[in-house]
Amino acid sequence: MKIEQLKEKIKSRRGVPPPGRDTITFLNCVASQPGKEVLDMGTGSGLIAIFFALKDRKVTASDISQEAIEVASENAENLNAKIKFVESNLFDKIDDKFDLILFNPPMGNASGSKILDYVKSFIPKNKFTLKLASLFFKSERKSLLERFVINGLSHLKKNGVIITIIHESERKFIESLVTNKVEVLKHFADYNNFEIIKIIKK
């Protein structure tokens, strides 16, 4: 099933928005990535996890939000996608190792207030709001990304890959944290200089 067709079958509800432009752009970029065991972190309504599960991958999907896990589980069941769901703050309740870890991070801190996360779920991601978010949540984003990358590398199998979508300046910050090669898969000059990057564990 094509990504756009699958997107139309994904249900959402208040507090768990439907897949946005960033999610579709991200999925289009990573759709052909290899890897048998896949982790979709911050799964939201479950589109990315479901896409890979329908391609016969062994998929784990996690989210800090219990409501998101419920919505994604319902979507997976409706589409006959076999997925292991885990309610977790980043890797806190993730024990396995993966070939491929995917993460479209929230605009702010994923470890904080559920009320704040709920409010942010109503904010559309576009060039203007992403620029505002980068100002308001800059330090929280850095903390989030640092925890994600450092812990993520320890949850990869040998030659496993992390792929995420972040701002160009955040990629430079990540490069300062790790000795691993950080590859830019796609740069969006017209989308507030966001990038899709790949980090490989050797």
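Residues numbered from 1 in each chain as written. Predicted model: local features only at pLDDT ≥ 70, side-chain atom pairs only at ≥ 80, totals over all residues. Heavy atoms only, no water.

A look at the environment of valine 149
For valine 149, the location among the structural elements is in helix α7 (residues 138-154). C-alpha separation for the pair valine 149 and isoleucine 162, spaced 13 residues apart in sequence, amounts to 8.1 Å. With near-sequence residues (within four places) excluded, valine 149 lies in contact with Ile162, Ile174, Val178 and Ile199. (Helix = DSSP H or I, 4+ residues; strand = E, 2+ residues; numbered from the N terminus. Contact = heavy atoms within 4.5 Å.)

What about the sheet that holds strand β7 (residues 194-200)?
Taken together, 7 strands build an open sheet; the order of strands is β3-β2-β1-β4-β5-β7-β6 and the sheet is mixed. With one partner strand each, in any of the chains shown, β3 (83-87) and β6 (182-188) form the two edges of the open sheet. On average, each strand axis in the sheet is tilted by 15° relative to the strand beside it, whichever way the strands run. Relative to β7, β6 is paired through 6 bridges, and the arrangement is antiparallel. Residue pairing in the sheet places lysine 186 in a bridge with isoleucine 196 of β7. Against the sheet, helix α4 (residues 66-78) makes contact with β2 (58-63) and β3, and its axis sits at roughly 170° relative to β3, the strand it touches most. Packed onto the sheet, helix α8 (residues 168-177) meets β5 (156-167), β6 and β7 and runs at close to 145° relative to β5. (Pairing = 2+ DSSP bridges. Axes fitted to C-alpha atoms, helices over the stretch in contact; angles between N-to-C directions.)

Digging into the nonpolar core
With 31 residues, the main nonpolar core has Phe26, Leu27, Ile50, Phe52, Ile83, Leu102 and Ile163 as its most contacted residues. For this core, the elements supplying multiple residues, two or more each, are α1 (3-8), α2 (21-30), α3 (47-53), β2, β4 (98-103), β5 and β7. Per element, the largest residue contribution to this core is 7 residues, and it comes from α3. Aside from chain neighbours lying at most four places away, what touches isoleucine 50 is Leu6, Ile10, Ala72, Asn75, Ala76, Leu79, Ala81 and Ile83. Ile94, Leu145, Ile174 and Val182 belong to the second largest nonpolar core, which has 22 residues in total. (Core = buried A, V, L, I, M, F, W, Y, C linked by side-chain atoms within 4.5 Å. Buried < 20%, exposed > 50% of the residue type's maximum accessible area, 1.4 Å probe, protein only.)

Let's talk about the environment of leucine 39
Residue position: leucine 39 is located in strand β1 (residues 37-41). Sequence separation of leucine 39 and leucine 156 is 117 residues, and the distance between their C-alpha atoms is 9.8 Å. Setting aside residues up to four positions removed in sequence, leucine 39 forms contacts with Thr60, Ser62, Phe91, Ile94, Phe98, Leu100, Ile101 and Leu102.

Some thoughts on the packing of aromatic side chains
One pass over the structure, following the stated rule, counts 3 aromatic pairs. Ring geometry for phenylalanine 91 against phenylalanine 148: centres 5.9 Å apart, planes inclined by 20°, an arrangement best described as stacked. In this pair, phenylalanine 91 is assigned in the loop between β3 and β4 and phenylalanine 148 in helix α7, connecting sequence segments 57 residues apart. Ring centres 4.5 Å apart and planes at 45° place the aromatic pair phenylalanine 103 and phenylalanine 148 in the tilted group. (Phe/Tyr/Trp six-rings, centres within 6.5 Å; stacked < 30°, edge-to-face > 60°.)

All quantities given are derived from atomic positions and should not be read as evidence of function.
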